[in-house]
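Analysis of the macromolecular model
Listed below are the residues making up each chain.
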Amino acid sequence: MSALQQLLGESVMGKGEEPVPVESFAGKGKVVGLYFSAHWCGPCRIFTPTLVKFYENLKLQEDKRLEIVFLSSDKDGPAFDDYWSEMPWLAIPHGDSRKEKLSQKYKVRGIPTLVFLDGESGEVITKQGRSIVKSDPEGDDYPWATLNFTEVMCGTKLVNSKKEEFDATEALDGKVKGLYFSAHWCPPCRTFTPHLVETYNKLRDDGKKFEIVFISSDKDVDSFQDHLETMPWLALPLESQTKKKLELLFEIDGIPMLILLDENDQLLTQNARRAVEEDPDGKEFPWLPKPLSKLGGDTFEALNDDLCVLLIGQEEDIETEDELREAMQGTAERYFNKEGAPSFFYGSADDAEDVLHSLFDFIGIKEPRYPMLLCLNLPEQWKNVQQEISLSKEVIEATLSKYDEGKLEKQPLRE
């Protein structure tokens, strides 16, 4: 059984009466797009005609072997049928369990989403298929092979505020690298940039081998130059095509974003912005991932990825926050760096009141009681809530053991 068959099954729906074997569009040199969409979704209806044009254009080119499979979030069969009639490609039947499994696998948070897969290996080429459709409408870069950072930057020129040019490979060699996606028109960017400048200068003054590359979303050269003049680091020229490749490589969907790579161009974190805000003096640079994190404003970002385990107390219930951390530390370290491991958080409900209020409202916890152990898997739409627990390592270990054994009760997000 091929990799695509393992993902999609033996067959999918075609426009004829007979099902279409998945094996017929799998294979070397082929690309398969999974199109998560729905008729009721306004942005979907706007994007679908563009995707149809893109698909039909590539179908006319013999060397571009693309197939697309529609995975519907429509509310009923007739809506699915009506919407699919506008599409020239294949589909998973409405209500088929494969749609939910694939949504969870690729962590689809919203629609429209277009995921491109390698037709032979089934590996993800990019989850930013929409960006490819817009940036490469003729398919010139087909099959959009996944490059690593080193390959993307090879031959790229960087500039500084004085408009001096530097070879990217030479300028970044042997350094921890920050990729700063930002723009002058973006208020949060203008707020964060001065803080990043301060941290950067401190680290450089301390002799740290650290360089930042500004990757601009400014709309004209003057805005780009104005923004760059506030920065002591390097930048991609505004017209550089490397920007699109980096946005696809790191799946950039908003700014400001600061991504950190190590000296060997391996990803350290996609959220270095938070590290800078929490550690402006750079005492923990290069901010390596930790097995256990404190509840904070960015907790919501982590909640979108797989299972999260939260241990929450109140100041009047515990002598110090250290008790929470100590109760969870051992378990978090045991899971750290394991494939598919949960993310672990601890903290006081009083300190994280804004974050928890919104979260509890969303998942239907109306009267929280502490200490609380919350296991939450938003992609799979379930939770496990234990309230007024004994604050001990044993309780946490027992809960995670049940999860590992498939015995943990999975309660619906909202009763």
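Shown above is the structure to which this text applies.
All values derive from a computational prediction rather than experimental measurement.

**What to know about the sheet that holds strand S6 (residues 113–118)**
- Sheet architecture is open: five strands sit in the order S5-S4-S3-S6-S7, paired in mixed fashion. The open sheet terminates on both sides in strands that have one partner only, identified here as strand S5 (90–91) and strand S7 (124–126).
- Across six bridges, the pairing between strand S3 (residues 30–37) and S6 is antiparallel. Of the residues in S6, the one forming a bridge with Leu34 is Val115.

**A look at the packing of aromatic side chains**
- A complete count under the given rule lists 21 aromatic pairs for this structure.
- Residues Phe70 and Phe80 carry aromatic rings whose centres are separated by 5.6 Å and whose planes lie at 5° to one another, so their mutual orientation is stacked. Of this pair, Phe70 sits in strand S4 (residues 65–72) while Phe80 sits in helix H3 (residues 77–84), placing them ten residues apart in sequence. The residues Phe70 and Phe80 share a single accessibility class, namely buried.
- Between Phe116 and Trp144, the ring centres sit 5.0 Å apart and the planes meet at 10°, which makes this aromatic pair stacked. Taken together, the residues Phe116 in strand S6 and Trp144 in the loop between helix H5 (129–135) and helix H6 (149–153) connect sequence positions 28 residues apart. When sorted by exposure, Phe116 lands in the same class as Trp144, which is buried.
- Taken together, the ring pairs in this structure connect Tyr180, Phe192, Tyr200, Phe210, Phe214, Phe224, Trp233, Phe285 and Trp287 into an aromatic cluster.
- Positioned above the aromatic ring of Phe192 is the side chain of Arg273, whose terminal nitrogen or guanidinium carbon lies 5.8 Å from the ring centre.
- Positioned over the ring face of Tyr335 is Lys338, at 5.4 Å from the centre of the ring.

Parameters at a glance
- Residues numbered from 1 in each chain as written.
- Predicted model: local features only at pLDDT ≥ 70, side-chain atom pairs only at ≥ 80, totals over all residues.
- Heavy atoms only, no water.
- Pairing = 2+ DSSP bridges.
- Helix = DSSP H or I, 4+ residues; strand = E, 2+ residues; numbered from the N terminus.
- Phe/Tyr/Trp six-rings, centres within 6.5 Å; stacked < 30°, edge-to-face > 60°.
- Buried < 20%, exposed > 50% of the residue type's maximum accessible area, 1.4 Å probe, protein only.
- Lys NZ or Arg CZ within 6 Å of the ring centre and 35° of its normal.

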